Structure formats: structure tokens, C-alpha cells
Amino acid sequence: MMKTTVFPKIEVGVVVPEDNTIVEMITNYISSMESVESICDFSYVSYEDGKRLLSEGDLQVVVVLPANLYEDLNSWQSVQATILLPKEEVIGSRMFGQILSSGLGLLQVAEAGIKSSYEVSVDQSLKMSRGEIGYFLGMKYVGQVLDRMDTYDEFVISPTGTMTMVQFYYLGLMLCVCLIYGLNFNYLYEKKQRALQAKLCIEGVGKVQQALIRMILMSVYVFVLEFIVYGIGCVVSETLGLYFVNFSIDGVVGLLILALMMGVHFHMIYSIGRDKNGTLILLITSILMVLCAGLIVPSAYLPEIAQFVGEVAPLYTWSLLAQGALFENLAAVELGIPLIWLAVELVIGVYVSWKSV
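Residues numbered from 1 in each chain as written. Predicted model: local features only at pLDDT ≥ 70, side-chain atom pairs only at ≥ 80, totals over all residues. Heavy atoms only, no water.

Visitor: Outline unusual backbone geometry, listing residues and values.
Guide: The backbone of Tyr243 shows a phi angle near 55°, a positive value even though the residue is not glycine. With a relative accessible area of 52%, Tyr243 lands in the exposed category. (Buried < 20%, exposed > 50% of the residue type's maximum accessible area, 1.4 Å probe, protein only.)

Here it is in C-alpha cells:
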């Protein structure tokens, strides 16, 4: 975490007992360390002000230090500090919890080394060679290290979730390319197509059937584009040794479902807009969804209103579906919300097509 620039600094309020110069000196020393200063901003507050600033979101963590901090540390006694976190968990408070747990693990390792060395040195009845003592201390150390590693399995803190940065931007690129490609389907809804639609109706191909044909046609084109981007990603991943995506049946099936959802979405927008208005509406809604769904900047860094808009937009469900299919396991993907979106947009698109003149 030294000199990190991935996360914004964590705002930490410290409550120090009144007229306790030693505790304040310890806090100043810790806060001035480069490894701490790069990830945290410390400020001294009273207990009441700390609770107020925490509730207002100006602080992510408040640490209340006991008055006998120095005496307990000096006498090897356990120090009990109170840590206040906001009711609604934010990424800063979660990061602080992870760092605190990792730091506690490091202290446990150091404590184990000291205690094991002390026990060996004071036990006069224990006769061990130099190699045996080293082995004994090593096993003590390894035991503590293995316990400490559990903290990294317990906490996964990242603005991109379980995805790496390469996977995050690769997925965003794929979805953005598909949305841009959708702007080309306006020709299926131009006025000059209405004569063809009328002839098809005479031949017995109704408006609903024509709408379904357009959806399938657009879905096929989108799937071909997705498959090309998927293939290029697999080749680049293997060639450059990045290993951010691998070819799998789950990936192909997930992209097929995604293409169907995007085809239905395009039809709904073009049916509502008609002619050139459909392209404009699709362009505006696509830009809004891309900005709010966290495809350019992770949603953890966006304002709450933008996060809300992004989560209710269909693009957010598409990204979760694609993420599960490409990088994880399609069986683990929650298909409930994506299927609801698919059904809603399908009904709207078919209804508008059926009512159109």
C-alpha cells in the first residue's frame, strides 16, 4: 500500500484523551510515517464531533484512544481502542478494516517471534542445537504467518469487485463497442422500410413477427461482434501472458444471452423513437448508461445518484452477466433481474410495433 494512488485517502478522526501529551505524540509519530500518510489523513476531534462528522460522511473512521495507552503498551498489556464506523459502509471504512486486520496479523507474527525466542532462552532444561533452535523458531513464525494470511482471504476490497483492472476495462470496451454498433440499425426502421413492412403484412407476416425478426437479426449481428472481441481478447491474453480471459462454453453462452438482450433493447428504443429520433434516443441513453454504470470510472467513485441510475439501467445487468460468463462461472450468475429486463423491453418493443401505423 506504500504510495498508493488507486484509492482516495481514508479520512480518520482520532479522539485523544485531554491533556495526554504522550498519547498525542504517539499518534503524531504514527500519522507521519510514509506508509500511513500515503493512505490515511488523520485529524484530531472530540468524541461528539467525531460521531457527527462520521454520520455526515466527512470521516470514514473514528478511533477513540484510551487514556492509559502508553502505560499499557509499556507494560505489555493489551490495549483496547474503540473504533467507530458509519452505519452505511463505504469503501474507505472497509479499506481501513482490511488494513487494520493485516496490521494486527503482523503484530501477532512479531509477538510470536519475541515470545518464542524468550521461551527458548529462559528454559534451562531445554537442550537444543543451533539448527534445532532455528527450526523451532521457524515453525513458530510459519504458524503465525499462515494464520495472518487468512485476513487476505476474508477481505476482498476493490472498486472493480472481483475483476482485475484489465478485465474491468476489457469488459467495458466490449459493451461500449456493442452499444456504438447498435447505432447502425436505424436503417431497419426508416420510412422507406414501411412499404416493405406493408407488403409483408399482406403476405401474412404480421407486425409482431416482423418485430421478432428484427430483434433476432440485430442479436445475431451483435453476437458476431461480441465473439470477435472475445476471440481477440483470448488471443491477446494468452500471447502477452496477461491471462485476463479464457475461451469457454460459458463465455459463448453468456455472450449469446447478452446479444439477445441488446437486440431486444435496440428494437425497443428504435420502435419508440421511429426514424432518426431512435438513433438520437439510443445515443443519449447509451452515454448516460455508460457514465452511470461504472464502465469508465468504477461506480464506487461515482455520486450516489449516479450509482442509483447506473444500477437500475439495463447496462448494469448486462455487465454483471458478461462478467460472470467471461471471468467466472455462468452458473453463479443471477439471471433473475436480466430476464426481467429482457421481458419488460420485449413486451414494450412488441407492443409499440403492434400499435404503429
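Following the structure, the description resumes.
Visitor: Give me helix 14 (residues 314–327): which residues, what numbers.
Guide: Each turn of an α-helix holds 3.6 residues, which means side chains three or four residues apart point in the same direction. Under the 1.5 Å per step criterion, the end-to-end length of helix 14 is 20 Å for 14 residues, consistent within 8% with the ideal 20 Å. With twelve of 14 residues buried, helix 14 is to be regarded as a mostly interior element. Those residues of helix 14 that sit buried are Pro314, Leu315, Thr317, Trp318, Ser319, Leu321, Ala322, Gln323, Gly324, Ala325, Leu326 and Phe327. (Helix = DSSP H or I, 4+ residues; strand = E, 2+ residues; numbered from the N terminus. Expected span 1.5 Å × (residues − 1).)

Visitor: I'd like to hear about the nonpolar core, residue by residue, with values.
Guide: Residues Tyr170, Phe266, Leu315 and Leu326 are the most contacted members of the largest nonpolar core, which totals 49 residues. Of all the secondary-structure elements, those providing two or more residues to this core are helix 8 (165–181), helix 10 (207–239), helix 11 (249–273), helix 12 (275–292), helix 14 and helix 15 (336–355). In terms of residues, this core owes the most to one element, helix 11, which gives ten residues. Residues within four places of Leu315 in sequence aside, it is in contact with Leu175, Leu179, Met289, Val290, Ala293 and Leu295. (Core = buried A, V, L, I, M, F, W, Y, C linked by side-chain atoms within 4.5 Å. Contact = heavy atoms within 4.5 Å.)

Visitor: Account for the pairing of strand 1 (residues 10–15), with residues named and values stated.
Guide: With respect to burial, strand 1 is a largely interior element, five of its six residues being buried. Sheet analysis places strand 1 next to strand 2 (residues 40–44), joined by five bridges and oriented parallel. Paired with Val12 across the two strands is Phe42, which belongs to strand 2. (Pairing = 2+ DSSP bridges.)

Visitor: Let's hear about the pattern of salt bridges: which residues, and what values?
Guide: Applying the stated criterion to the full structure yields two salt bridges. Residues Glu56 and Arg52 are paired through a salt bridge, measuring 3.6 Å at the closest nitrogen-oxygen approach. In this pair, Glu56 and Arg52 are both assigned in helix 3 (residues 47–56), four residues apart and thus about one turn of the helix distant. Residue classification places Glu56 among the partly exposed residues on the basis of a relative accessible area of 48%. A residue is classified by how much of its surface remains accessible, and Arg52, at 39% relative accessible area, is partly exposed. (Salt bridge = Lys/Arg side-chain N within 4 Å of Asp/Glu carboxyl O.)

Visitor: Give me the lowdown on the sheet that holds strand 2, citing residues and values where you can.
Guide: Across the sheet, which stays open at both edges, the four strands sit in the order 2-1-3-4 with mixed pairing between neighbours. For this open sheet the edge positions go to strand 2 and strand 4 (82–84), each flanked by a neighbour on one side alone. Each neighbouring strand pair of the sheet contributes to a mean axis angle of 25°, computed without reference to strand direction. As paired elements, strand 1 and strand 3 (residues 61–64) share four bridges and run parallel to each other. (Axes fitted to C-alpha atoms, helices over the stretch in contact; angles between N-to-C directions.)

Visitor: Would you mind going over the side chain of Ser237 in detail, with residue names and values included?
Guide: The topology assignment puts Ser237 in helix 10. From its side chain, Ser237 meets the backbone nitrogen of Phe244 in a polar contact 2.9 Å long. Within the local environment of Ser237, its side chain forms a polar contact with the backbone oxygen of Val245, the two atoms lying 3.2 Å apart. (Polar contact = N/O pair within 3.5 Å; in protein donor to acceptor, adjacent residues only side chain to side chain.)

Visitor: So what about a nonpolar patch on the surface? Which residues, and what values?
Guide: Where nonpolar side chains cluster on the molecular surface, the patch consists of Val166, Ile216, Val220, Val224, Ile228, Ile232, Val236, Leu240 and Leu242 and spans about 780 Å² of accessible area. Per-element accounting of the nonpolar patch gives the leading share, six residues, to helix 10. Note that Val166 resides in helix 8. (Patch = residues over 30% accessible without salt bridge, like charges linked within 9 Å, V, L, I, M, F, W, Y side chains within 5 Å. Areas by Shrake-Rupley, 256 points an atom, 1.4 Å probe, with all protein chains shown as cover.)

Everything listed here is a matter of geometry and, on its own, says nothing about what the molecule does.
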